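Overview (structure and organization)
If you want the building blocks of each chain, they are given just below.
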Amino acid sequence: MLNKIPTTVITGFLGAGKTTLIRHLINNAGGRKIALIINEFGDLGVDGEILKGCNDEACKEEDIVELSNGCICCTVADDFIPTMQKLLERNTQLDHILIETSGLALPQPLLRAFKWPEIQTKVTVDGVITVVDGRAVTEGRFAHSIEAVDRQRKLDENLDHETPLSELFEDQIACADMIVINKSDLLTASQGDDLLSQLKQDSRDGVQVLKSEMGVLPVDILLGQKAMAEDDLEDRHELHHHHHDHDDDHDDFESFIISTGEIDNPEEFSKLILDVIRDHDILRLKGFVAVNGKPLRLTIQAVGPRIETYFDRVFKSAENRETKLVVIGEKGMDQVSIQKALQV
């Protein structure tokens, strides 16, 4: 994992808001060097034009590659693998790769491609983000324009599956590590809450479901999921434009810091953290832990139900031996209860 470039797969139907979310990611990259592979077609290459030059420092034009030979899941060997090889050979300084799939793509074949010998030692799937059009799904249409999806099918000469939209949608949900309900401003509060609850019920345990407008979500929540999705494919089976300026303060999210003392048992503390994450629907938790009797600092990062810990370095002589954790979640978290639960 340490030597592999994390790759985020962004899937969802034509018009769900994938390109808008990607533009937001690139414009708020926070110093990351990003490459982008675009497979959404049927819009006369408009996605690539929207994204090129939106933040040259984060994503240079030569690191934006458009795959226009058809649905990415049907052209893995002939198109996707060679493209990834060329990208990796040309630029070894990348911090992250984003892949925007066609709305017709079945995510599983693409995830399996990350196990191909040509690329498996160099890249890993950091996470699969499925973007859904909240209004369309609520109305049972799945996509904003069924006619546009049908035109997209006809344009793809290499398409080798005629999966109904409902089944495609279920597959995209089943493969997701995060589901973004986009265009949530077009829903009533009760519609948004009902859809969020339904998608949580229909997805795998631990999948985060978030509401957004114009794909605006904190980048540190969208990236860094560390799912290594190519290694757990068996769990991901089916389960039953314009640029707008936005305030990026992310008022719907909040974070706070917990400071506490040294811990005795890292394994028990990790279990405690997972219980607190589950009880309070925390999105991210990360920080550094002081362990009694250990000279090394323990790094801890948790995303949903996944937690990673490792000792990174010796505490410096001037440092306090304390545990400091950053908790990130949606606005309204019960900070007092979380603080109390994690105090040692």
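This write-up is about the structure you can find in this document.

**With respect to the packing of helix 10 (residues 266-280) against helix 11 (residues 335-342)**
Where helix 10 meets helix 11, the closest approach of the two axes is 10 Å, and the angle between their N-to-C directions is 165°. The angle between helix 10 and helix 11 places the two elements in the roughly antiparallel class. Note on packing geometry: the crossing formed by helix 10 with helix 11 is right-handed. Of the residues in helix 11, those in contact with F269, L272, I273, V276 and H280 of helix 10 are S337, I338, A341 and L342. In terms of residue class, the contact of helix 10 with helix 11 is built from seven nonpolar, two polar and no charged.

**Details of the packing of aromatic side chains**
Tallied over the full model, the rule gives two aromatic pairs. For the ring pair F13 and F169, a centre distance of 6.5 Å and an interplane angle of 25° mean the geometry is stacked. Linking F13 in the loop between strand 1 (5-11) and helix 1 (18-27) with F169 in helix 7 (residues 165-175), this pair joins segments that are 156 residues apart in sequence. Each member of the pair, F13 together with F169, is buried. Ring geometry for F80 and F114: centres 5.8 Å apart, planes at 50°, overall tilted. A residue pair is termed long-range when its members are at least 10 positions apart, and F80 in helix 3 (residues 76-90) and F114 in the loop between helix 4 (107-113) and strand 5 (123-133) qualify at 34 residues. Here F80 and F114 have matching classes, each one buried.

**Notes on the sheet that holds strand 6 (residues 178-182)**
Adjacent strands of a sheet pair through backbone hydrogen bonds, lying either parallel or antiparallel. In space, the seven strands of this open sheet follow the order 3-2-4-1-5-6-7, with parallel pairing throughout. Looking along the sheet, the strands with just one partner apiece sit at the ends: strand 3 (64-66) and strand 7 (208-211). Each neighbouring strand pair of the sheet contributes to a mean axis angle of 20°, computed without reference to strand direction. Bridge count for strand 6 against strand 7 is four bridges, and the pairing is parallel. Counterpart to M178 in the pairing with strand 7 is Q208. Its contacts with the sheet place helix 7 against strand 1, strand 5 and strand 6, and it is angled at close to 135° to strand 5. Those strands touched by helix 8 (residues 189-202) are strand 5, strand 6 and strand 7, and its axis lies near 160° from that of strand 7.

**A word on a nonpolar patch on the surface**
Together, L296, F311 and V314 line one region of the surface with nonpolar side chains, adding up to about 230 Å² of accessible area. For F311, the location among the structural elements is in strand 11 (residues 306-314).

**A closer look at the sheet that holds strand 9 (residues 284-289)**
Strand order in this open sheet of five strands is 8-12-9-10-11, and the pairing throughout is antiparallel. Of all the strands in the sheet, the pair left with one neighbour each is strand 8 (253-260) and strand 11. Ignoring which end each strand starts from, the neighbouring axes of this sheet average 15° apart. The sheet contact formed by strand 9 and strand 12 (residues 323-330) spans five bridges and is antiparallel. Residue pairing for strand 12: L285 is matched across the bridge by V327. With respect to the sheet, helix 10 is in contact with strand 9, strand 10 (296-303), strand 11 and strand 12, its orientation differing from that of strand 10 by roughly 25°. Strands in contact with helix 11 are strand 8, strand 9 and strand 12; relative to strand 8, the strand with the most contacts, it is inclined by about 30°.

**What to know about unusual backbone geometry**
For M228, which is not a glycine, the phi torsion comes out positive at approximately 45°. Secondary-structure assignment places M228 in the loop between helix 9 (219-222) and strand 8. Classification of M228 by relative accessible area gives partly exposed; the value is 34%.

Conventions and cut-offs
- Residues numbered from 1 in each chain as written.
- Predicted model: local features only at pLDDT ≥ 70, side-chain atom pairs only at ≥ 80, totals over all residues.
- Heavy atoms only, no water.
- Axes fitted to C-alpha atoms, helices over the stretch in contact; angles between N-to-C directions.
- Helix = DSSP H or I, 4+ residues; strand = E, 2+ residues; numbered from the N terminus.
- Parallel < 35°, antiparallel > 145°, perpendicular 65-115°, else oblique.
- Left-handed = near helix turned anticlockwise from the far one by under 90°.
- Contact = heavy atoms within 4.5 Å.
- Nonpolar A, V, L, I, M, F, W, Y, C, P; charged D, E, K, R; others polar.
- Phe/Tyr/Trp six-rings, centres within 6.5 Å; stacked < 30°, edge-to-face > 60°.
- Buried < 20%, exposed > 50% of the residue type's maximum accessible area, 1.4 Å probe, protein only.
- Pairing = 2+ DSSP bridges.
- Patch = residues over 30% accessible without salt bridge, like charges linked within 9 Å, V, L, I, M, F, W, Y side chains within 5 Å.
- Areas by Shrake-Rupley, 256 points an atom, 1.4 Å probe, with all protein chains shown as cover.
- Salt bridge = Lys/Arg side-chain N within 4 Å of Asp/Glu carboxyl O.

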